[in-house]
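Spelled out, the chains give:
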Amino acid sequence: MYKIPELLAPAGGIEQLRAAVENGADAVYMGGKLFNARINAANFDDDEVAAAADYAHARGVKLYMTMNTLIRDQELQAALKYAAFLFQEGIDALIVQDLGFAGLLQKNIPEFNIHLSTQGTIYNAEGVRMAKKLGFSRVVLARELTLDEIREINRLNLLETEVFVHGALCVCYSGQCQMSREIGGRSGNRGECAQPCRLPYSFCIEDHGRIKEITESYYALSPKDLCMLDQLGAINEAGVASLKIEGRMKSPEYVAIVTGIYRKYLDIYAKSGQYRVDPADLKYMAQVFNRGGFTLGYLYGNPGKSLMSGDLSKHQGIFIGKVLKGSNTVRSGERKRGLATIRLEEELSMGDGIEIRNKELSGNIVTYMMIDGKKSSFAPKGKTVTAGYFDGRIEPGDQVYKITDKSLMLKAKASYEGKSGSDEKSLRKVGVRFYLYASIGEAVSLKATDEDGNSVIKVLETSPEKSRTKALDREIVEAQLGKTGGTPFRMTECIADIEDGISVPLASINELRRAALSDLLACRIRAAKKVMPIDHKYLEVNLRELYFSGSGNTEMRIRKENEKDKEDDSEQQNTFLYLFQVKKEERIDSSIRRVYIPYEAMLAGFYIDCNLAVPVIPNITKGYHDKIIKKNFDKIVEASYGIGIAVGNLSWIEPFAKAGVNVIGDYGLNLYNSVDFLAAKELGISEAVISHDAKPEDIIKMDFHGVIPELTIGGRIPVMTSEHCFVGDLTSCDFNDEQNYYLKDRRGEFYPVLISRTDCRSTILSHKEIKPPLSKDELKKAGIKHLRIYR
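Keep in mind the model is a prediction, meaning the values are calculated, not measured. (Residues numbered from 1 in each chain as written. Predicted model: local features only at pLDDT ≥ 70, side-chain atom pairs only at ≥ 80, totals over all residues. Heavy atoms only, no water.)

(A) Structural detail: the overall build of the chain. Along its length, the chain carries 21 helices and 40 strands. Taking 2.2 N^0.38 as the reference for a compact globule, 791 residues should give roughly 28 Å; the C-alpha atoms of the chain span a radius of gyration of 31 Å, in line with that estimate. For the chain, the spread of C-alpha atoms along the three principal axes comes to 110 × 70 × 50 Å. By residue count, 56% of the 791 residues in the chain fall in the buried class. Sequence separation of 24 or more characterises 70% of the internal contacts of the chain that already satisfy a separation of 6 or more. Carbon together with sulfur atoms contributes 48% to the accessible area of the chain, which is approximately 33900 Å² in total. Between the mean site of the 106 positive side-chain charges and the mean site of the 107 negative ones, the chain shows a separation of 4 Å. (Helix = DSSP H or I, 4+ residues; strand = E, 2+ residues; numbered from the N terminus. Rg over C-alpha atoms; globule rule 2.2 N^0.38 Å. Buried < 20%, exposed > 50% of the residue type's maximum accessible area, 1.4 Å probe, protein only. Contact = heavy atoms within 4.5 Å. Areas by Shrake-Rupley, 256 points an atom, 1.4 Å probe, with all protein chains shown as cover. Lys, Arg positive; Asp, Glu negative; His and termini not counted. Charge placed at Lys NZ, Arg CZ, Asp CG, Glu CD.)

Spelled out as structure tokens, the structure:
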């Protein structure tokens, strides 16, 4: 047998949980009513969480809860107490984004496993190493990693890693997206993403001072869904601990189908170390959800334009044929609705949902079918069928797609839905060994032991009698004990230690079995519960202390804090300029007290003699930047001794802090609350930018713990950082450095697009310059003297 990773499935509600468990998930991740990044899913209230934990643990399945949002100061107490409740209910791990909250968990509930969410933007070994120092037991890696990069991280054996293998892809690095919040106030980092990446945009260039559209509106930001079904062996050999299926907003049927298919091939691989995917299984997964096919994402490098979903950003179903003839005048009830005559390339049944691809996207559930002049409920591939009734225009040549397959959905539903009442069946079973002892003059006893070593013994009050007819034998005992029925158990072994020639009523053996399995079920549930060292009602958030120790240079931090004390004597507010790109003729206003520039520009000689310049290590350094920074580390350190260096990722904080450089935490760290700043201080950060997500009323009351705060008050903020080159979708990547690019949304707003020539990484800026979130008096009250403007 080959060792295989954990299969981790999503659950947005109770039905999805059952679908995941009964179709073979080793673990399930889900969210509560608060503090999770899919706040618009059904999610689980406290009673449902307790029931879900019991259900999963009874069946040998782990349960992870998502608390993967940024958390406000006034929410920290409730969040910590909620975490304590989850711990007591036996939840196996928390998935967390907020670094300060992670520190609170480490201090107050150190036995609770915490996984760093993909919202933490971890993409290299240095980031994983820092996550380990922060107390995380697992890291959910960024979806932009290649197989080689995943393998290299796991080669160091730092922490367990989890990777997404199926489902929706974000075009932006998770945790770095501000677009939904910037457009409509719904922050992805707070679980409220409105998915503006699934809306249409047109691509534009600036021509002689005017912005000109060079494309029609298309889904420029919408990737296809991920599917790595045929890569399970390679991912396993790369050392991944957990394979994650995305989809907490998806239906129970989706969860059942996708989980079941991945389970099937993992089990085949476990037996032989190889497998071949049946095309039918790929078709089933495409039928339940796909956006113009599937992609391997970045597993084998940047896929370019083939990553994107194409003409539509929603579920596209599977192609089943073209319209031969359309009728738009058929009356159905009080409405005129259309019929379509289709030459089928896939089968079609009554109750299936189809969509006719034209400007109107006509379609409906099929409620009428005619083949060769006869009504029918099923049409096989190759037949010509007239089907209806459909809204919208239907024209010959229109392509037809099956969006839902009724029979597939019913089959999926049957995989997790049992019968009602006491006969409810369970498809997910835990192995149990029985030992029955029966002898004249002694009580009959039954011992049941599960595969985890939990054991119970049940005893009959009566002893066996001499048999007058057929004596009890091993076959009879095994037949009765094997009737595990609606329980989550299956008999794997039966030992019958019985005296010859005795009789025990079958009803008594059945009674013993039921009682033993009932107690064993209770034992499994009880074993998963945990005890808090103190009643969680009395937990208090300590905003002055975290669990993990600092990793920065202590002497350097003390010196910087002394310098800050001196600086605090001044009432002057200083304005800093953050340049995304540097041009030789760049002019800096005399009022600017600091200029942030890309570290590459400084290496190239820009502003090398300027005592206002601060090199910036980008939020994403994966690949090219990591190599260049390592190669030129000493030069960058030397250039940073004046003021410091801005770092927007976990990877590079410690190296620069240990080198004695003043580390300025950049916006990519998402420092959102008081304990985030405390965590930043412990990491060796002496100055830091307040998260763009932070609310003005929170900023005023925030405790920065001696870290000098910096607040963004102007310019266009970065709203997306993407591995995808949007210019490359339209032309070759040999773009013009002097050319300005934009995306135009359906409201007519323009978003500047910056493309890095070195690695084709894209940064999208907000459609308008932000306004200062605080007034001058509020800035003074908050103690904020460092102000940032983007340009």
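(B) Structural view of the nonpolar core. Ranked by internal contacts, the top residues of the largest apolar core, which has 173 residues, are Phe101 and Phe656. Setting aside chain neighbours within four positions, we find Phe101 in contact with Met67, Ile71, Leu76, Ala79, Leu80, Ala83, Val96, Val675 and Asp676. Formed by 25 residues, the second largest nonpolar core is a distinct cluster that contains Val430, Ala448, Ile502 and Cys523. (Core = buried A, V, L, I, M, F, W, Y, C linked by side-chain atoms within 4.5 Å.)

(C) Main features of the sheet that holds strand E24 (residues 445-450). Ordered in space as E25-E24-E23-E27, the four strands form an open sheet in which the pairing is mixed. Of all strands in the sheet, those with a lone pairing partner are strand E25 (455-459) and strand E27 (489-498), marking the two edges. Strand after strand, the sheet turns through a mean of 15 degrees between neighbouring axes, direction not considered. As paired strands, E24 and E25 are joined by five bridges and run antiparallel to one another. For Lys447, the partnering residue across the bridge sits in E25 and is Ile457. On the sheet, helix H12 (residues 474-481) packs against strand E23 (430-438), E24 and E27 and is oriented at approximately 150 degrees with respect to E27. Relative to E25, helix H13 (residues 506-528) is tilted by about 150 degrees, and along the sheet it contacts E23, E24, E25 and E27. (Pairing = 2+ DSSP bridges. Axes fitted to C-alpha atoms, helices over the stretch in contact; angles between N-to-C directions.)

(D) Here's a closer look at the pairing of E24. Extensive coverage of E24 is indicated by the burial of five of its six residues. Sheet analysis places E23 next to E24, joined by six bridges and oriented antiparallel. Residue Val432 lies in a different strand from E24, and its bridge partner there is Asp450.

(E) Inspection of the packing of aromatic side chains at higher detail. Following the criterion strictly, the structure yields 23 aromatic pairs and no others. Ring geometry for Tyr201 versus Tyr751: centroids 6.4 Å apart, planes at 80 degrees, classification edge-to-face. Residue Tyr201 is found in the loop between helix H7 (179-184) and strand E8 (202-207), and its partner Tyr751 is found in strand E38 (residues 750-755); the two are separated by 550 residues along the sequence. Each member of the pair, Tyr201 as well as Tyr751, is classed as buried. Ring pairs connect the aromatic residues Phe576, Tyr578, Phe580, Tyr596, Tyr667 and Tyr790, which therefore count as one cluster. Above the ring of Phe164, the side-chain terminus of Arg143 is found at 4.0 Å from the ring centroid. Over the face of the ring belonging to Phe289 we find Lys250, whose NZ or CZ atom lies 4.5 Å from the ring centre. (Phe/Tyr/Trp six-rings, centres within 6.5 Å; stacked < 30°, edge-to-face > 60°. Lys NZ or Arg CZ within 6 Å of the ring centre and 35° of its normal.)

(F) Local environment of the packing of helix H4 (residues 99-108) against helix H19 (residues 674-682). It is at 7 Å that the axes of H4 and H19 come closest, and there the two elements cross at 80 degrees. One way to sum up the angle between H4 and H19 is to call them roughly perpendicular. For the pair formed by H4 and H19, the contact residues are Leu99, Gly100, Phe101 and Leu104 on the first element and Val675, Asp676 and Ala679 on the second. Of the residues in the contact of H4 with H19, the class split is five nonpolar, one polar and one charged. (Parallel < 35°, antiparallel > 145°, perpendicular 65-115°, else oblique. Nonpolar A, V, L, I, M, F, W, Y, C, P; charged D, E, K, R; others polar.)

(G) Fine view of helix H16 (residues 624-631). Those residues of H16 not exposed but buried are His625, Asp626 and Ile629. Along the axis of H16, the buried residues cluster in a sector spanning 100 degrees; they form a single face. Residues Lys627 and Lys631 are exposed on H16 and point more than 90 degrees away from its buried face. Structurally, H16 contributes buried residues whose contacts are with helix H15 (599-603), strand E31 (613-617), helix H17 (633-640) and helix H18 (653-658). (Arc of directions from axis to C-beta.)

(H) Local environment of the pattern of salt bridges. Inspection of every chain in the model, using the stated rule, returns 46 salt bridges. As a salt-bridge pair, Asp405 and Lys402 come within 3.0 Å of each other at their nearest N and O atoms. Take Asp405: its relative accessible area is 10%, and that puts it in the buried class. Exposure remark for Lys402: the relative accessible area of 2% places this residue in the buried category. (Salt bridge = Lys/Arg side-chain N within 4 Å of Asp/Glu carboxyl O.)

(I) The arrangement of H19 in detail. Counted residue by residue, H19 has seven buried out of nine residues, so it is predominantly covered. Contacts made by the buried residues of H19 are with helix H3 (76-88), H4 and strand E34 (685-689). A side-chain oxygen of the first residue of H19 lies 3.1 Å from the backbone nitrogen of Val675; this N-cap is Asn673. (Polar contact = N/O pair within 3.5 Å; in protein donor to acceptor, adjacent residues only side chain to side chain.)

(J) Here's a closer look at the sheet that holds strand E37 (residues 741-744). Spatial ordering of the open sheet is given by E9-E8-E37-E38-E39-E36, a layout of six strands whose pairing is antiparallel. The strands lining the two open edges of the sheet, one partner per strand, are strand E9 (210-213) and strand E36 (718-722). Neighbour-to-neighbour, the strand axes of this sheet turn through a mean angle of 30 degrees, independent of strand direction. In this sheet, E9 lies alongside E8 in antiparallel orientation, the contact comprising four bridges. Counted as the bridge partner of Cys204 is Glu213 from E9.

(K) Spotlight on the confidence of the model for the chain. Put simply, the chain has an average pLDDT of 91, and 91% of its residues get 70 or more. Within the model, pLDDT remains below 50 along residues 419-424, and this stretch shows five contacts once partners closer than five positions in the same chain are excluded. Here residues 549-569 is modelled with pLDDT under 50, and outside its nearest four sequence neighbours on either side it reaches 36 contacts, counting other chains as well. (pLDDT = per-residue confidence, 0-100.)

(L) The packing of helix H9 (residues 252-272) against helix H10 (residues 279-288), seen in detail. For the pair H9 and H10, interaxial distance at closest approach is 9 Å and the crossing angle is 160 degrees. It follows from the interaxial angle that H9 and H10 lie roughly antiparallel. Judged by the twist between their axes, the crossing of H9 over H10 is left-handed. Every residue of H10 that contacts H9 at Glu253, Tyr254, Ile257, Val258, Ile261, Tyr262, Lys264 and Tyr265 is listed here: Asp281, Tyr284, Met285 and Val288. (Left-handed = near helix turned anticlockwise from the far one by under 90°.)

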